[in-house]
Amino acid sequence: MPQTLDKAVLEDELAVSLARAVAAANARARQEGVEITRSLVMVAEHAGASGVCWRISYGPRDYVLRRGGDVVIDVGLEDGQVRRVLRGQ
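The structure presented is a predicted model; accordingly, all values stated were derived computationally and were not measured. (Residues numbered from 1 in each chain as written. Predicted model: local features only at pLDDT ≥ 70, side-chain atom pairs only at ≥ 80, totals over all residues. Heavy atoms only, no water.)

Trainee: For this particular structure, what's the right way to read the overall build of the protein?
Mentor: Tallying secondary structure elements over the protein gives two helices and four strands in all. Going from N to C terminus, the protein has its helices and strands arranged as α-α-β-β-β-β. Counting the 89 residues in the protein, one finds 26% classified as buried. In the protein, once contacts between residues fewer than 6 apart in sequence are set aside, the share between residues at least 24 apart is 33%. Carbon and sulfur atoms provide 52% of the accessible area of the protein, an area that totals close to 6,500 Å². (Helix = DSSP H or I, 4+ residues; strand = E, 2+ residues; numbered from the N terminus. Buried < 20%, exposed > 50% of the residue type's maximum accessible area, 1.4 Å probe, protein only. Contact = heavy atoms within 4.5 Å. Areas by Shrake-Rupley, 256 points an atom, 1.4 Å probe, with all protein chains shown as cover.)

Okay, structure coming up:
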C-alpha cells in the first residue's frame with residue numbers, strides 16, 4: 001500500500017538527494033543489464049575529481065566465492081545526474 005511521505009521527509013535535502021540519486025542509478029543500472037531486485041545495493045558518498053557524488057554499487061547477493069560483475073554508478077550530489085559507470089571484471 002503506497003504511503004505519502006510527510007513534509008519533514010520531503011524537506012530533508014540529504015534524503016531527497018539520495019532518493020534522486022538512487023532512482024537515476026537504478027534506471028542506468030537497468031540499461032546496463034543489472035537485475036536490481038537480485039542485487040546487493042550499497043551507497044556511499046564519494047569525493048572524486050568531478051566533485052562530491054553518491055557512489056551506488058550493485059553486486060550479486062550471492063557474492064561468496066564470486067569475483068567481479070559489480071556495476072558502480074556515480075551520481076552527482078547536487079544535480080542527480082549520472083557522472084560515471086564502472087563495471088567490475
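Trainee: Hey, could you run me through the pattern of salt bridges in this one?
Mentor: Where charged atoms from two side chains of opposite charge approach closely, those side chains can pair. One pass over the full model with this rule turns up five salt bridges. The partner of Arg84 in a salt bridge is Asp74, and the shortest N-O contact between them spans 3.3 Å. Of this pair, Arg84 sits in strand S4 (residues 82–87) while Asp74 sits in strand S3 (residues 71–76); the two residues are ten residues apart in sequence, bridging distant segments of the chain. Classification of Asp74 by relative accessible area gives buried; the value is 3%. (Salt bridge = Lys/Arg side-chain N within 4 Å of Asp/Glu carboxyl O.)

Trainee: What's the story with the side chain of Asn26 in this structure? I'm lost.
Mentor: Within the secondary structure layout, Asn26 lies in helix H2 (residues 13–31). Setting aside chain neighbours within four positions, we find Asn26 in contact with Ile36 and Tyr58.

Trainee: Got a minute to help me understand the confidence of the model for the protein in this structure?
Mentor: The predicted structure's coordinates, where accompanied by low pLDDT, should not be read in detail. Looking at the protein as a whole, the pLDDT averages 87, with 88% of positions reaching at least 70. In the model of the protein, helix H1 (residues 7–10) stands out as the element of lowest mean pLDDT, 75, in contrast to S3, which has the highest, 95. (pLDDT = per-residue confidence, 0-100.)

Trainee: Sorry if this is basic, but what is going on with H2 here?
Mentor: Because each turn of an α-helix spans 3.6 residues, side chains separated by three or four positions in sequence point in the same direction. The first and last C-alpha atoms of H2 sit 27 Å apart over 19 residues, in line with the 27 Å expected at 1.5 Å per residue. Residues of H2 that are buried: Ser17, Ala21, Ala25, Asn26 and Ala29. What you see down the axis of H2 is that its buried residues fit within an arc of 165°, all on one side. Seen from the open side of H2, the exposed residues pointing more than 90 degrees away from its buried face are Arg30 and Gln31. For H2, the secondary structure elements touched by its buried residues are strand S2 (51–60) and S3. Near the N-terminus of H2, the side chain that reaches the backbone nitrogen of Leu14, with its oxygen 3.1 Å away, is that of Asp12. (Expected span 1.5 Å × (residues − 1). Arc of directions from axis to C-beta. Polar contact = N/O pair within 3.5 Å; in protein donor to acceptor, adjacent residues only side chain to side chain.)

Trainee: How should the pairing of S3 be read in this particular structure?
Mentor: Along any regular strand the residues' side chains alternate between the sheet's two faces. Burial runs high along S3: six of the six residues are buried. Burial of the side chains of S3 extends over both faces: Val71, Ile73 and Val75 are buried on one face and Val72, Asp74 and Gly76 on the other. Counting the residues that bridge the hairpin from S3 to S4 gives five residues, and of these Gly80 lies at a positive phi of roughly 70°. (Pairing = 2+ DSSP bridges.)

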